[in-house]
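Next come the chains, spelled out residue by residue.
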Amino acid sequence: MQEKIPIEVIVRFTEKGEIRPLKVNFGDKIYLIDKVYNKSLATPKGSFGVALEYSCLICGKRRKIYFDRYENLWYIMKRTKEEKILVPYNPLNHDIFND
């Protein structure tokens, strides 16, 4: 399960009405968005409805931020402790005796 964490985002609107995120204000820190790679409609895991998904480079790390147009809410999805990260199967690193 993933948790929706609201964030504050500083944006710029283009002449065509497109939204360009510039900075993320999270807690008491402001993070600069270095680059926006992709913008698409998506349904994040653990969330209902469709949101605009921005795949961004923030402080050298690739992150996805979401904008819900109906709630006017920017958020990120954070993994909860119960969620287990699945490691892809690699036959070279597979130990048949410890499975």
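Everything below is about the structure printed above this text.
All values reported here derive from a predicted model rather than from experimental measurement.

Q: So what's going on with the overall build of the chain? Which residues, and what values?
A: Assigned secondary structure in the chain consists of 0 helices and 6 strands. Order of helices (α) and strands (β) in the chain, N terminus to C terminus: β-β-β-β-β-β. The burial tally for the chain puts 28% of its 99 residues in the buried class. Here the chain has roughly 7,900 Å² of accessible surface; of this, 54% comes from carbon and sulfur atoms.

Q: Pulling in residues and values, what's your account of the environment of F13?
A: As for its placement among the helices and strands, F13 is situated in strand β1 (residues 2–13). In this structure F13 comes out as exposed when scored by relative accessible area, which is 54%. Setting aside residues no more than four positions away along its own chain, F13 makes contact with E18 and I19.

Q: An account of the pattern of salt bridges is requested, with residue identities and associated values reported.
A: Per the stated rule, a full pass over the model turns up 1 salt bridge. The closest approach of N and O atoms between R20 and E18, which form a salt bridge, is 3.3 Å. Among the residues examined, R20 registers a relative accessible area of 36% and is labelled partly exposed.

Conventions used here
- Residues numbered from 1 in each chain as written.
- Predicted model: local features only at pLDDT ≥ 70, side-chain atom pairs only at ≥ 80, totals over all residues.
- Heavy atoms only, no water.
- Helix = DSSP H or I, 4+ residues; strand = E, 2+ residues; numbered from the N terminus.
- Buried < 20%, exposed > 50% of the residue type's maximum accessible area, 1.4 Å probe, protein only.
- Areas by Shrake-Rupley, 256 points an atom, 1.4 Å probe, with all protein chains shown as cover.
- Contact = heavy atoms within 4.5 Å.
- Salt bridge = Lys/Arg side-chain N within 4 Å of Asp/Glu carboxyl O.

As far as function goes, none of this settles anything; it's purely spatial.
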